[in-house]
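Chain residues, written in single-letter form:
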Amino acid sequence: MKARLIAALRFLLGLGLVLAIMGWLLPSAQERGDLLARLRPDPLYLLLGFLSTLVASIVTSARWQLMSEQTMGGTPLPYVVYFHGLVLTRVLGQVSSTLVMDLVGRGVALRSAGSQRGLGHAVTQAIIERIFDIVLPMMMLAWAILAWQGRADPGTASASFALVCILFAALSVVLLAPLTRLALRIYTGLQRLRARRKGLAAAPEPEPVPLPRGLALRIGLLSLARYLAVLAQFWTVAAGVGIAMSFFQIAAAAPLGQLAGMAGFTPGALGIQEAGWLGAFTWVGLDAVAIGLFVLSQRLIITAYFSALSLLSWLILRRSRAAAAART
């Protein structure tokens, strides 16, 4: 009962923040009418937004599978299990907590699919993913500040953006192995502490998992592909509702919007992410009506995308399980 009350209060807080943001952006009835007038749905861009969401989900699921099975010795599972678990937790995160779904919900999905590893193993691995998903937007935020504040020309901005991407890929090769070793030690330490409290035998030291640089680079490149696909997702969704913005504007604004979404404690970072987008788009020069239209539409549209992917992947997963059962 207490947990439900806290969840309801967080939702109301997030909803209140959204209403406050919209009231601040569009204080008059005329401006609110302008928002509806600016709404010009473009089916082609909305389709491209869906495809961008699909690509982002494909590469994120592939990274999850690589990190779970090849860097931390998790139970091998079909790829569709990871894909369905990812998109489903994205939907559930909109009504609960994105952070909890990332750290716990995906682990529950693997356990229900037959993983022999404990929930703590999945949580530890998800934390490494979370670090990667924070480092790249932080690097991009630094790029945006330097490029935007320095009023870089499009050519310089594009070249420096590409340089940041290359630097992140190189950094992933250096960081992933020590992060994985540290995560496994923490996981084993927590297992031992739990066993000691219950009077059980201590967990053995984890066997070292070889982590070739090529594998680390693949994971870094998948993280980079994920970021670029999400960037394309936001850009095409904006175009899909009639908001025209340059690549420079969306690339400069996206890091703050993404970081705000990760930091949010309301369901789906409701209100927190919208505040991040408000600050980011105001900074890059988008008008109030366009910002209001984006913060309202992107959440609804992207949630619809993930809902459709959840349904499709569930149908594929159910069919694959039925085929596996028929073979046995």
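Residues numbered from 1 in each chain as written. Predicted model: local features only at pLDDT ≥ 70, side-chain atom pairs only at ≥ 80, totals over all residues. Heavy atoms only, no water.

## Some words on a nonpolar patch on the surface
Here comes step 1: Side chains of Leu5, Leu9, Phe11, Leu12, Leu15 and Leu19 sit close together on the surface and give an oily, nonpolar patch of about 590 Å² of accessible area.
Here comes step 2: For Leu12, the location among the structural elements is in helix α1 (residues 2-25). (Patch = residues over 30% accessible without salt bridge, like charges linked within 9 Å, V, L, I, M, F, W, Y side chains within 5 Å. Areas by Shrake-Rupley, 256 points an atom, 1.4 Å probe, with all protein chains shown as cover. Salt bridge = Lys/Arg side-chain N within 4 Å of Asp/Glu carboxyl O. Helix = DSSP H or I, 4+ residues; strand = E, 2+ residues; numbered from the N terminus.)

## Considering the packing of aromatic side chains
Here comes step 1: Tallied over the entire structure, the rule returns 12 aromatic pairs.
Here comes step 2: Both rings, one in Phe234 and one in Phe294, keep their centres 6.4 Å apart while their planes meet at 65°; by these two values the pair is edge-to-face. Highlighted residues: Phe234 in helix α8 (residues 213-240) and Phe294 in helix α11 (residues 288-327), separated in sequence by 60 residues. We note that Phe234, like Phe294, is buried.
Here comes step 3: When the ring of Trp277 is compared with that of Phe294, the centres are 5.0 Å apart and the planes differ by 75°; the resulting orientation is edge-to-face. Within this pair, whereas Trp277 is found in helix α10 (residues 272-283), its partner Phe294 is found in helix α11, the two being separated by 17 residues in sequence.
Here comes step 4: Taken together, the ring pairs connect Trp143, Phe161, Trp235, Phe247 and Phe248 into an aromatic cluster. (Phe/Tyr/Trp six-rings, centres within 6.5 Å; stacked < 30°, edge-to-face > 60°. Buried < 20%, exposed > 50% of the residue type's maximum accessible area, 1.4 Å probe, protein only.)

## As for the pattern of salt bridges
Here comes step 1: Scanning the entire structure with this criterion turns up 4 salt bridges.
Here comes step 2: We note a salt bridge from Arg63 to Asp133, for which the minimum N-O separation is 2.9 Å. Here Arg63 is found in helix α3 (residues 43-71), whereas its partner Asp133 is found in helix α6 (residues 119-149), with 70 residues between them in sequence. Across this residue pair, the class does not change: Arg63 and Asp133 are buried.
Here comes step 3: The salt bridge partner of Asp133 is Arg226, with a shortest N-O separation of 3.7 Å. Remark: Arg226 occurs in helix α8 and Asp133 occurs in helix α6; sequence separation between them is 93 residues. Across the pair, exposure class does not vary: Asp133 and Arg226 are buried alike.
Here comes step 4: Each of Arg63, Asp133 and Arg226 takes part in one network of salt bridges that share partners.

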